[in-house]
Amino acid sequence: MEPKTLNEAAKALVSQRKGAALLAGGTDLLVNMKQRVFQPKVVINLKTIPKLAYLSNGKGGLRVGALTTLYDIASSSTVQEKFPALCQAARAVGAYAHQAMGTLGGNLCQENRCRFYNQSAFWRGVKSPCYKAGGDICHVVPARPTGGRKPKECHSTYCGDMAPVLIALDAKSRW
Ligand SMILES: Cc1cc2nc3c(=O)[nH]c(=O)nc-3n(C[C@H](O)[C@H](O)[C@H](O)COP(=O)(O)OP(=O)(O)OC[C@H]3O[C@@H](n4cnc5c(N)ncnc54)[C@H](O)[C@@H]3O)c2cc1C
Ligand code: SF4
């Protein structure tokens, strides 16, 4: 669906619960959908909401909209001059296409990655499903045969390049 306002998008997200996915640049989401890692019933396209892509440096500091592309962040003269680490982080993301399409919001909210999970459905079908796929095992850290109960823990890791720099800069999120 193509909401025109943030409220419309938020309502759609709440009404669909886990069946909906937000789409920004699509460089993470669409790959996961192609691999059948996610199969959302509804895709909510954020790009139809105006004014979510902006960079402004005022009294309150630097403000960056969720739909601002990593390319725009990296090529901003303000960011280059005043927040060089943020510029470096944006330039470190994937390849040029990921930076040109990928957004700040998508980068921060990207899924964790695991070599046993982020694979095609065919590839994953060779092994039994792991915890994250609703199964009973973690292929990265299998439960030890001690007889004790082990929590179903997923050990996939967060890979976003922007978050560590934003944390170091004490950035805040605003609705
Ligand atoms: C081959 C490859 C290499 C990559 N390399 C890197 C890398 O080196 N470093 C790195 O950090 N990332 C990497 N990525 C991940 C991804 O491309 C980037 O993180 C990109 O910035 C994601 O932004 P996007 O706008 O395309 O997100 P999308 O794919 O549109 O969305 C990603 C996730 O965030 C959610 N989302 C998007 N926008 C919002 C929002 N405003 N509010 C709430 N949720 C939202 C979506 O629902 C989805 O779950 C790579 C991906 C691929 C496929
Ligand atoms: S449960 Fe284990 S195998 Fe599955 S995604 Fe998490 S870390 Fe990877």
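Note: the structure precedes this text.
The shown structure was predicted, so the numbers you read here are calculated from the model rather than taken from an experiment.

A. Spotlight on the pairing of strand β2 (residues 42–45). Where strand β1 (residues 20–23) meets β2, four bridges bridge the pair, whose relative direction is parallel. Looking at the pairing, A20 lines up with V42 of β2. Handedness of the crossover joining β1 and β2 through helix α2 (residues 29–34) is recorded here as right-handed.

B. Highlighting the site of ligand 1. Near ligand 1, the surroundings consist of 27 residues, among which L22, T27, L29, T103 and D161 are the closest. Separating an oxygen atom of ligand 1 from a backbone N or O atom of G26 is a distance of 2.8 Å. Protein contacts shield 80% of the accessible area of ligand 1, which totals 980 Å² for the unbound molecule. Tallying contributions element by element places helix α7 (residues 104–108) first for the shell around ligand 1, with three residues.

C. Expanded view of the environment of T68. Relative to the assigned elements, T68 resides in the loop between β4 (61–64) and α3 (70–74). Here T68 falls in the buried class, since its relative accessible area comes to 3%. Sequence separation between T68 and G106 is 38 residues, and the spatial gap between their C-alpha atoms is 9.7 Å. When residues no more than four places from it in sequence are discounted, the contact partners of T68 are L52, A53, Y54, L55, I73, G102, T103 and L104. Separated by 3.0 Å, the side chain of T68 and the backbone oxygen of Y54 make a polar contact.

D. Quick look at the environment of L30. Tracing the backbone through its elements, the reader meets L30 in helix α2. When its relative accessible area of 41% is taken as the criterion, L30 is described as partly exposed. As a C-alpha pair, L30 and A20 span 10 residues in sequence and 13 Å in three-dimensional space.

E. Structural detail: the pattern of salt bridges. Applying the stated criterion to the full structure yields four salt bridges. Put simply, K152 and D136 hold a salt bridge, and the shortest N to O gap is 3.1 Å. Taken as a pair, K152 in the loop between α8 (121–124) and α9 (162–168) and D136 in the loop between α8 and α9 lie far apart in primary sequence, 16 residues in all. Since its relative accessible area comes to 57%, K152 is described here as exposed. Relative accessible area serves as the criterion here: at 60%, D136 is assigned to the exposed category. Between K172 and D170 there is a salt bridge, with its nearest N and O atoms 3.2 Å apart.

F. Seen up close, the packing of aromatic side chains. In total, this model carries two aromatic pairs according to the counting rule given. Their ring planes at 80° and their centres at 5.9 Å tell us that Y71 and Y96 sit as a pair that is edge-to-face. Highlighted residues: Y71 in helix α3 and Y96 in helix α6 (residues 96–101), separated in sequence by 25 residues. Accessibility expressed as a relative area gives 38% for Y71, which makes it partly exposed.

G. The arrangement of unusual backbone geometry in detail. Unusually for a residue other than glycine, R36 sits at a positive phi of about 60°. Of the residues examined, R36 reaches a relative accessible area of 47% and is grouped as partly exposed. Look at K51: it is not a glycine, yet its phi comes out positive at around 65°. By the element assignment, K51 lies in the loop between β2 and β3 (55–58). Taking relative accessible area as the criterion, K51 reaches 76% and is therefore assigned exposed.

Rules used throughout
Residues numbered from 1 in each chain as written. Chains lettered and ligands numbered in written order. Predicted model: local features only at pLDDT ≥ 70, side-chain atom pairs only at ≥ 80, totals over all residues. Heavy atoms only, no water. Pairing = 2+ DSSP bridges. Helix = DSSP H or I, 4+ residues; strand = E, 2+ residues; numbered from the N terminus. Right-handed = clockwise from strand over helix to strand, strands pointing away. Near = heavy atom within 4 Å. Polar contact = N/O pair within 3.5 Å; in protein donor to acceptor, adjacent residues only side chain to side chain. Areas by Shrake-Rupley, 256 points an atom, 1.4 Å probe, with all protein chains shown as cover. Buried < 20%, exposed > 50% of the residue type's maximum accessible area, 1.4 Å probe, protein only. Contact = heavy atoms within 4.5 Å. Salt bridge = Lys/Arg side-chain N within 4 Å of Asp/Glu carboxyl O. Phe/Tyr/Trp six-rings, centres within 6.5 Å; stacked < 30°, edge-to-face > 60°.

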